[in-house]
Amino acid sequence: MQAQFTTGGSYEYYKRYLGKPVAFAFTWVYFFVIKAGAYGIICLVFARYFGAVIFSFDLQDAAIDSDLRVKALALAALFVITVINIVSVRLAAMVQNALVGAKSLALLMVLGMAAFSIVMSLIKGPDDPTWTSIAVIKSNFGASPFEHFSWNILKNLGLGVLSALWAYDGYTDVTMVAEEVRQAVVNYRHSVGYRIGLECEQIKEPGKNIPRAIILGCLVVIVAYAVVNVAYLCVLTTSQIVS
């Protein structure tokens, strides 16, 4: 399959391999349904957890999404992110990098606390009522994986995989800047109003860098999510995780 390096993201691939009608239909559905719905859900989830901090919401409440404060927080988050992207691409990139850094720091803190809990459990011994990681690990990982097997596990596994796919949504976004990987045009504006155009041909081997970005990005997500879930299972019982 020949590499495709043009701006347009998934539209270009659909157009090339499935034809213009499919690409046209996909683009409209992607814009008005897929992405719009995805951003709405993301902002709503953010509003739930942020609202739990400032308004003490009960996250177990099934009617939490109908609360007007949750809706207001979701709309405010969507509005702020939209304004940031309209005002400045550079500012949007800085905000995105800051949020990724914050999430990465939070994951590292989770791993650090799990490791600390395991070490303290080893020091205090298995009978200590405070540090129980060793007992939790034996409970969660000691049984045979087929001991409680049922066909319902496959159904639940499918639901779990469906939820996890949110983490891999970004792999297709890198294709939207495929053409810019080959050539960057930088425009500088002088302080007194003169424009200096500087075209910088930056050949960065998109045939290697784009697949590399997709593969490495997915691998990082897989490792991060797997390690964090193992950390959860080292300090929390299954009943605690469910609750």
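All figures in this text were calculated on a predicted structure; none of them were measured in a lab. (Residues numbered from 1 in each chain as written. Predicted model: local features only at pLDDT ≥ 70, side-chain atom pairs only at ≥ 80, totals over all residues. Heavy atoms only, no water.)

A.B. asks: Which parts of the structure should I look at to understand the overall build of the protein?
C.D. replies: When you go through the protein residue by residue, the secondary structure sums to 9 helices and 2 strands. For the protein, the succession of helices and strands along the chain, N to C, is α-α-α-α-α-α-α-β-β-α-α. Contacts spanning at least 24 positions in sequence make up 48% of the contacts within the protein whose residues lie at least 6 apart. Here the protein displays about 17,900 Å² of accessible surface, and carbon together with sulfur accounts for 68% of that area. (Helix = DSSP H or I, 4+ residues; strand = E, 2+ residues; numbered from the N terminus. Contact = heavy atoms within 4.5 Å. Areas by Shrake-Rupley, 256 points an atom, 1.4 Å probe, with all protein chains shown as cover.)

A.B. asks: How should the packing of aromatic side chains be read in this particular structure?
C.D. replies: As enumerated under the stated definition, the model contains 6 aromatic pairs in all. A ring pair is formed by Tyr14 and Phe26, whose centres lie 4.4 Å apart and whose planes are at 35°; its orientation type is tilted. You can see Tyr14 sitting in helix H1 (residues 10-18) and its partner Phe26 sitting in helix H2 (residues 20-54), a full 12 residues away along the chain. Relative accessible area serves as the criterion here: at 29%, Tyr14 is assigned to the partly exposed category. (Phe/Tyr/Trp six-rings, centres within 6.5 Å; stacked < 30°, edge-to-face > 60°. Buried < 20%, exposed > 50% of the residue type's maximum accessible area, 1.4 Å probe, protein only.)

A.B. asks: Teacher, can you tell me more about the packing of H1 against H2 here?
C.D. replies: Helix packing geometry: the angle between the two helix axes and the distance between the axes. H2 packs onto H1 with a crossing angle of 155° between their chain directions and a minimal axis gap of 7 Å. Classified by the interaxial angle, the pair formed by H1 and H2 is roughly antiparallel. In terms of crossing hand, the pair formed by H1 and H2 is right-handed. Across from Ser10, Tyr11, Tyr14, Lys15 and Leu18 in H1, the residues of H2 making contact are Lys20, Val22, Ala23, Phe24, Phe26 and Thr27. Residue composition of the contact of H1 with H2, grouped by class: 7 nonpolar, 2 polar and 2 charged. (Axes fitted to C-alpha atoms, helices over the stretch in contact; angles between N-to-C directions. Parallel < 35°, antiparallel > 145°, perpendicular 65-115°, else oblique. Left-handed = near helix turned anticlockwise from the far one by under 90°. Nonpolar A, V, L, I, M, F, W, Y, C, P; charged D, E, K, R; others polar.)

A.B. asks: Any chance you could explain the environment of Ile84 here in plain terms?
C.D. replies: Counting through the fold element by element, Ile84 comes out in helix H3 (residues 68-87). When neighbours within four sequence positions are excluded, Ile84 is seen to be in contact with Leu91, Ala92 and Val95.

A.B. asks: What am I meant to see in the pattern of salt bridges here?
C.D. replies: Should their charged atoms come close, side chains of opposite charge can pair. Inspection of the entire model under this criterion finds 3 salt bridges. Here Lys15 makes a salt bridge to Glu12, at a shortest N to O gap of 3.5 Å. Residue Lys15 and its partner Glu12 are located together in helix H1, separated by 3 residues, close to a single helical turn. In this structure, the salt-bridge partner of Asp67 is Arg69, at a minimum N-O distance of 3.1 Å. (Salt bridge = Lys/Arg side-chain N within 4 Å of Asp/Glu carboxyl O.)

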